[in-house]
Amino acid sequence: MRVLTIGGGGREHAAVEALYRCGAEIYAVMKNMNPGIIKRSKKYKIIEETKVGEVCAYAKNVGAELAYIGPEAPLEAGLSDSLEKMGVLCAAPTKAAARIETSKLFMRELINKHNIAGNVGYASFDNPEDAKRYVDGIECEVVVKPVGLTGGKGVKVQGEHLHSVRDVSRYIDEVFNASIGKAGIIIEEKVSGEEFTQMAFCDGKHIEPMPLVQDHKRAYENDIGPNTGGMGSYSDSDHLLPFVKESDRVAAFNIVRDVVSAMNKDSCQYCGPIYGQFMLTPNGPKIIEFNARFGDPEAMNVLSILESDFADICYRMATGTLTKAVKFERKASVCKYVVPEGYGTKPVSGKEIFVDEEGIKRANATLYYANVNQDNGRLLTGTSRSLGIVGIADTIDMAEENCENALKFVRSKHIFVRHDIGRRNLIRNHVEHLQKLCLGQNEKSSS
Ligand code: AMP
Ligand code: GLY
C-alpha cells in the first residue's frame, strides 16, 4: 500500500519504521530533513506540513492511498479533510474532530456536557481583566492554559512556574498581549498526583488500547523547569505503570471511550490515534489534556513494541473496521530525548551532532531521528528535540541501561538529556508521591 506520512519528528520516524516493517511503500512529507524517514521512503518532499494544497498535490502526484498524519498543526489546518475529499484514506481526525486537542475549551465543554468522569474545575476567558478577577476570587491553586495550540509549551502551573497571584496575573496578561494560542485562556483547578498517558487506536466507534506510558514534560532532572513537548518516557512489560493499578487503567480507558462516543453523539466522529493525558489522584484519574494524535515521545515507546501490522491498523482506523485486537510485546521500554542546548527556553539550532548508528544498535537500543537536518553530510540540531533513543527489554531497569549505553554513541557539545528518566530513584519518587497523597486523603476522611 502507498502510504503518505506527514511530519518529520521522532514520533513520525517511529511510525515510518512501523509501516516499513509491514511492507508499506512510504512517501514522506516533512519540514526538516529527517534522515531516518528519508532512509525508509521511496520518495520524500520537504514542505511546510500545514500547506494543505502543496501536501495534497504531492499526495496526488505519488498516488497515495492512505495517509498517516503525525503532528497536530496539519490537523488544525484541515489536511485530513482535504485528503479524504480527494479519495486518500486518512488514519487521522478531521479538523472538527481534532478540536479535542486544538481547543482546550472544546475538550472541557464536551466532557462537561456528556457528564464524563475525570473533569477538573475550569473557567474560560476572552479578556485578561475577567480572568484576573476570577483568580483573585478563588481559593485553590490554578493552571493557566492558552486555549489554542502552543506546542506543549504554553501551560504554566501555580506553585511551579507561577509563584504568586501576581505571577498568575502577569502570565494572563502575557498570553493576551502576545496572543499565545490565539484563542483566549482557560484557568483550571490544579490537581495533584502522578501523570500517565493512555493512548488508543480509534476507527470512529471501536477503540483499542495501547500500553500506558509516563512522559516527563519538565525540561530538567527531578521534574523541574519549564514545560516542554516531553523529554522522555517509559512503559512497563505488563502495560501498566509502577503507580497505576489495573482498575485505574480501566477508569482512564473508559474516559477515552466515553469521549469517542460523545463525539459520535455530537456528529463529530473521531478516527485515528487518540491520546488521553491523566493525573492519577487519590480520587482516580483526572483529565489533563487530550491530543488528536500519538504522543511524542510516547509513540516511540509503543510503536517499538507493536506486534500487529501498523499499516493494517491505519487502514482499519480510516475505514471503520478496527474490530481485531491490537497486540503489543510484553516488554518494557525507556525513551530519552536528546535535545538542543537551551531547549525549553531558548534552543540553539544549527549545531552538529555525531551519531554512531552501529554503536546504538550494538547497545541493543533503537534510534529515532527527530527535529534535525542534514547539511552536506552533517547532522544539525533544529529548535526542537533532536533524536530519541529507546531501550527495550524485559524490565524497566534493563531497558534504561540499554538506553544509557546507546546514548554514549551520540556526541555534541550542544545537547542535553534527562538521564533520570526511567531510573529507579525517579520512579520510586513518583510511587511514593502518590502513596503520600492517598495517605493524606485517608487521614482527612477519617478525622
Ligand atoms: P498540558 O499541555 O495541558 O498537558 O499541560 C502541561 C503540563 O502541565 C501537564 O503535563 C501537567 O504536568 C501540568 N498540568 C496541566 N493541567 C493541569 C492541572 N489541571 N492540574 C495540575 N497540573 C496540570
Ligand atoms: N508527550 C506529550 C505530547 O505529545 O503532547
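To keep things clear, this report deals only with the structure shown in the data block. Chains are numbered independently. Their residues run from 1 in the order of the written sequence. Each chain takes a letter, starting from A, and each ligand takes a number, starting from 1, following the order in which they are written. Totals for whole chains, interfaces and linings use all residues, but because this is a predicted model, local features are given only for residues with pLDDT of at least 70 and pairs of side-chain atoms are given and counted only at 80 or more. Calculation of side-chain values draws on the structure's entire complement of heavy atoms; hydrogens and water are dropped beforehand.

**Focus: the pattern of salt bridges**
For clarity, the cut-off: The term salt bridge refers to a side-chain nitrogen of Lys or Arg lying within 4 Å of a carboxyl oxygen of Asp or Glu. We count a stretch as a helix when DSSP gives it H or I for four or more residues in a row; a strand needs E for two or more, and each element gets its number in order from the N terminus. Here's how the labels work: a residue is buried when its accessible area is under 20% of the maximum for its type, exposed when over 50%, partly exposed in between, all with a 1.4 Å probe on protein chains only.
All chains considered together, the criterion is met by 32 salt bridges. A salt bridge links Arg 293 to Glu 101; the shortest N-O distance between them is 2.9 Å. Of the two residues, Arg 293 is situated in the loop between strand S17 (284–291) and helix H11 (298–304) and Glu 101 in helix H6 (residues 99–102); the sequence distance between them amounts to 192 residues. Taken individually, Arg 293 and Glu 101 each receive the classification buried, so the pair is uniform in this respect.

**So, the site of ligand 2**
Rules: We define proximity as follows: a residue is near a molecule or strand when any one of its heavy atoms falls within 4 Å of that partner. Distance and chemistry together define a polar contact, namely a pair of N or O atoms within 3.5 Å, with one atom able to donate a hydrogen and the other to accept it when in protein, and with adjacent residues in sequence counting only for side-chain atoms on both sides. Using a 1.4 Å probe, the Shrake-Rupley method yields the accessible areas, and only the shown protein chains count as cover for residues. Polarity classes work like this: nonpolar for Ala, Val, Leu, Ile, Met, Phe, Trp, Tyr, Cys and Pro, charged for Asp, Glu, Lys and Arg, and polar for all others, with Gly in that last group.
Around ligand 2 sit Asp 215, Lys 217, Gly 229, Tyr 275, Glu 289, Asn 291, Arg 293, Gly 295, Asp 296, Pro 297 and Glu 298, and those are all the residues in its vicinity. At 3.2 Å, a side-chain N or O of Asn 291 approaches an oxygen atom of ligand 2. Between ligand 2 and the protein, one listed contact pairs an oxygen atom with a backbone N or O atom of Asp 296 at 2.9 Å. In the complex, 92% of the free accessible area of ligand 2, which totals 200 Å², lies under the protein chains. Its residues assigned to classes, the shell around ligand 2 comprises two nonpolar, three polar and six charged.

**Regarding the site of ligand 1**
Around ligand 1 sit 16 residues in total, of which Lys 145, Val 191, Glu 195, Lys 217 and Glu 289 are the nearest. Measuring from an oxygen atom of ligand 1, one finds a side-chain N or O atom of Lys 104 at 3.2 Å. Between a nitrogen atom of ligand 1 and a main-chain N or O atom of Val 191, the distance comes to 2.9 Å. Protein chains shield 98% of the accessible area of ligand 1, which is 470 Å² for the free molecule. Contributing elements (two or more residues each) for the shell around ligand 1: strand S7 (142–146), strand S9 (185–189) and S17. Here the shell around ligand 1 is built from residues that sort into six nonpolar, one polar and nine charged.

**Things to note about helix H3 (residues 52–62)**
The cut-off we apply is this: This arc describes the spread of directions from the helix axis toward the C-beta atoms. The criterion used for residue contact is that any of the two residues' heavy atoms lie within 4.5 Å.
Residues Val 52, Val 55, Cys 56, Tyr 58, Ala 59 and Val 62 constitute the buried set of H3. Down the axis of H3, the sector holding all buried residues measures 160°, keeping them to one side. Set apart from the buried face of H3 by more than 90 degrees, the exposed residues are Gly 53, Lys 60 and Asn 61. Buried residues along H3 sit against strand S1 (2–6), strand S2 (25–30), strand S3 (43–46) and helix H5 (79–85). Of the residues one or two after H3, Gly 63 is the one with positive phi, at around 70°.

**Regarding unusual backbone geometry**
Between Asp 296 and Pro 297 the backbone carries a cis peptide bond, its omega angle lying at 25°. Within the fold, Pro 297 resides in the loop between S17 and H11. Even without glycine at this site, Lys 182 takes up a positive phi of about 60°. When you line up the elements, Lys 182 lands in the loop between helix H9 (165–177) and S9. Classification of Lys 182 as exposed rests on a relative accessible area of 74%. Located in the positive-phi region is Asn 364, a residue other than glycine, with phi close to 70°. In this structure, Asn 364 sits in the loop between helix H13 (357–362) and strand S20 (365–369).

**Here's the deal with the packing of aromatic side chains**
Aromatic ring pairs are reported here in terms of the distance separating the ring centres and the angle at which the planes meet. For clarity, the threshold we go by: Any pair of Phe, Tyr and Trp rings, taking the six-membered ring for Trp, is counted once the centres come within 6.5 Å. Such a pair is stacked with planes under 30 degrees apart, edge-to-face with planes over 60 apart, and tilted for the rest. Put simply, a charge is over a ring when the Lys NZ or the Arg CZ is close to the ring centre, within 6 Å, and near the line of the ring normal, within 35 degrees.
Throughout the structure, instances matching the rule amount to nine aromatic pairs. For the pair Phe 201 and Phe 328, a centre-to-centre distance of 6.4 Å together with 10° between the ring planes defines the contact as stacked. Within this pair, whereas Phe 201 is found in strand S10 (residues 194–203), its partner Phe 328 is found in the loop between helix H12 (310–319) and strand S18 (332–340), the two being separated by 127 residues in sequence. Taken individually, Phe 201 and Phe 328 each receive the classification buried, so the pair is uniform in this respect. Ring centres of Phe 278 and Phe 290 lie 6.4 Å apart, and the angle between their planes is 80°; this geometry places the pair in the edge-to-face category. Note that Phe 278 is positioned in strand S16 (residues 271–281) and Phe 290 in strand S17, a separation of 12 residues in sequence. You can call Phe 278 buried: its relative accessible area is 0%. Positioned over the ring face of Tyr 171 is Lys 156, at 5.1 Å from the centre of the ring.

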